[in-house]
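Fold and contact review
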Amino acid sequence: MEEIQFILARNLKTIREKEKLSLEKLSQLSGVSKTMIGQIERGDSSPTITTIWKIANGLKVSFSSLIDNPQPESKVILREDVRVATEDEGRYRVFPIFPFHEEKRFEVYRLEIDEGGKNESVAHKDGTEEYITVYEGETTITVNEQTYVLRTGDSIRFRADRPHAYINTGDVMAKLSVTIYYPSM
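In short, a report on the structure. Note that the coordinates shown come from a computational prediction; the quantities given were computed from them, not determined experimentally.

Below, the discussion takes up the pairing of strand β2 (residues 92-98). For β2, a buried count of five out of seven residues is recorded, marking the element as mostly surrounded by other parts of the structure. Summarising the sheet, strand β1 (residues 85-87) and β2 pair through three bridges and their orientation is antiparallel. Within β2, the residue paired with Ala85 across the bridge is Val94. The turn linking β1 back onto β2 is made up of four residues, and Asp88 within it adopts a positive phi angle of 55°. Bridge count for β2 against strand β3 (residues 106-113) is six bridges, and the pairing is antiparallel. Residue pairing in the sheet places Tyr92 in a bridge with Ile113 of β3.

As structure tokens, then:
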């Protein structure tokens with residue numbers, strides 16, 4: 001595992017150069033000396049958390065963007081690597097494909113619902129929305145006492161800050177894609 005000081009060194013230099021900031025200008029923006037910033041960028045220094053925060057604030061970036069490895073441009077999620085959560089005696093299965101990330105404000109799931117399987121959900125946080133596409137089967141979705149029957153190829157968007165339910169009303173397993181958008185956490 002790569003040491004955090006080297007991750008910080010690489011990220012700091014990349015962000016500073018992308019913003020076209022000199023060491024001197026970043027020093028002015030952050031209140032951290034030009035010498036210290038240079039040492040950090042070379043991996044010669046393990047700064048305090050306070051120093052990292054000062055630099056993050058000066059750059060107007062998140063703390064984690066300085067200390068985390070950048071995400072690759074592409075990432076393959078293999079089915080066998082996704083943990084399943086179940087409901088309704090295993091007849092309703094949720095596969096979290098892309099978990100929530102603070103900067104992106106959404107998460108993506110795959111759902112499988114066996115014949116007759118169902119899930120009733122309580123209202124989510126105010127302003128939350130769900131975007132559903134049925135890829136196979138038939139699913140009845142109830143939102144705030146309004147009922148929608150969706151079949152293969154159909155999609156729906158609804159406010160999920162009210163009670164809602166999914167029921168497989170078809171005669172084959174229903175397969176759905178679900179994206180949940182959170183306006184704020």
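That was the structure; now back to the text.
What holds strands together in a sheet is hydrogen bonding between their backbones, with the strands either parallel or antiparallel. The strand order β1-β2-β3-β10-β5-β8 describes an open sheet built from six strands, whose pairing is antiparallel. Of all strands in the sheet, those bounded by a partner on one side alone are β1 and β8 (155-159). Strand-to-strand, the axes of this sheet are offset by a mean angle of 25°, without reference to chain direction.

This next bit is on the sheet that holds strand β7 (residues 146-151). The strand order across the open sheet formed by four strands is β4-β9-β6-β7, and the pairing between neighbours is antiparallel. Here the strands that pair on one side only, and so sit at the sheet edges, are β4 (118-121) and β7. Taken pair by pair, the neighbouring strands of this sheet meet at an average axis angle of 15°, ignoring direction. One ladder, built from six bridges, connects strand β6 (residues 138-143) with β7; its direction is antiparallel. Within β7, the position partnered with Ile141 by the bridge is Tyr148.

Let us now look at the layout of surface pockets. Of the volumes computed, that of the largest pocket is approximately 910 Å³. As for the largest pocket, its lining consists of 24 residues, and the residues nearest its centre are Asn69, Pro70, Gln71, His101 and Lys104. When residues of the lining of the largest pocket are traced back to their parent elements, those giving at least two are α1 (4-18), α5 (63-67) and β2. Within the lining of the largest pocket, the residues separate by chemical class into ten nonpolar, eight polar and six charged. The volume enclosed by the second largest pocket comes to roughly 260 Å³. Considering the residues around the second largest pocket, the lining is formed by 15 residues, among which Tyr92, Val94, Tyr109, Leu111 and Asn119 are closest to the centre. Those elements that place two or more of their residues in the lining of the second largest pocket are β1, β2, β3, β4, β9 (164-168) and β10 (174-181). For the lining of the second largest pocket, the leading source of residues is β1, giving three residues.

Moving on: the pattern of salt bridges. One pass over the full model with this rule turns up eleven salt bridges. Ionic pairing is found between Asp114 and Arg93, a salt bridge with its closest N-O pair at 2.9 Å. On the criterion of sequence distance, the pair formed by Asp114 in the loop between β3 and β4 and Arg93 in strand β2 is long-range, its members being 21 residues apart. Classification of Asp114 by relative accessible area gives partly exposed; the value is 24%. When the shortest N-O distance is used, the salt bridge between Arg162 and Asp161 registers 3.6 Å. For Arg162, a relative accessible area of 26% corresponds to the partly exposed category. On the accessibility criterion, Asp161 (13% relative accessible area) is buried. Taken together, the shared-partner salt bridges in this structure form one network comprising Arg79, Arg93, Glu112 and Asp114.

Calculation rules
Residues numbered from 1 in each chain as written. Predicted model: local features only at pLDDT ≥ 70, side-chain atom pairs only at ≥ 80, totals over all residues. Heavy atoms only, no water. Buried < 20%, exposed > 50% of the residue type's maximum accessible area, 1.4 Å probe, protein only. Helix = DSSP H or I, 4+ residues; strand = E, 2+ residues; numbered from the N terminus. Pairing = 2+ DSSP bridges. Axes fitted to C-alpha atoms, helices over the stretch in contact; angles between N-to-C directions. 1 Å grid on protein atoms, 1.4 Å probe; cavity = no way out; pocket = protein on both sides within 12 Å on 5 of 7 lines; lining within 4 Å. Points joined across faces, edges and corners; volume = space filled by probe spheres on them. Nonpolar A, V, L, I, M, F, W, Y, C, P; charged D, E, K, R; others polar. Salt bridge = Lys/Arg side-chain N within 4 Å of Asp/Glu carboxyl O.

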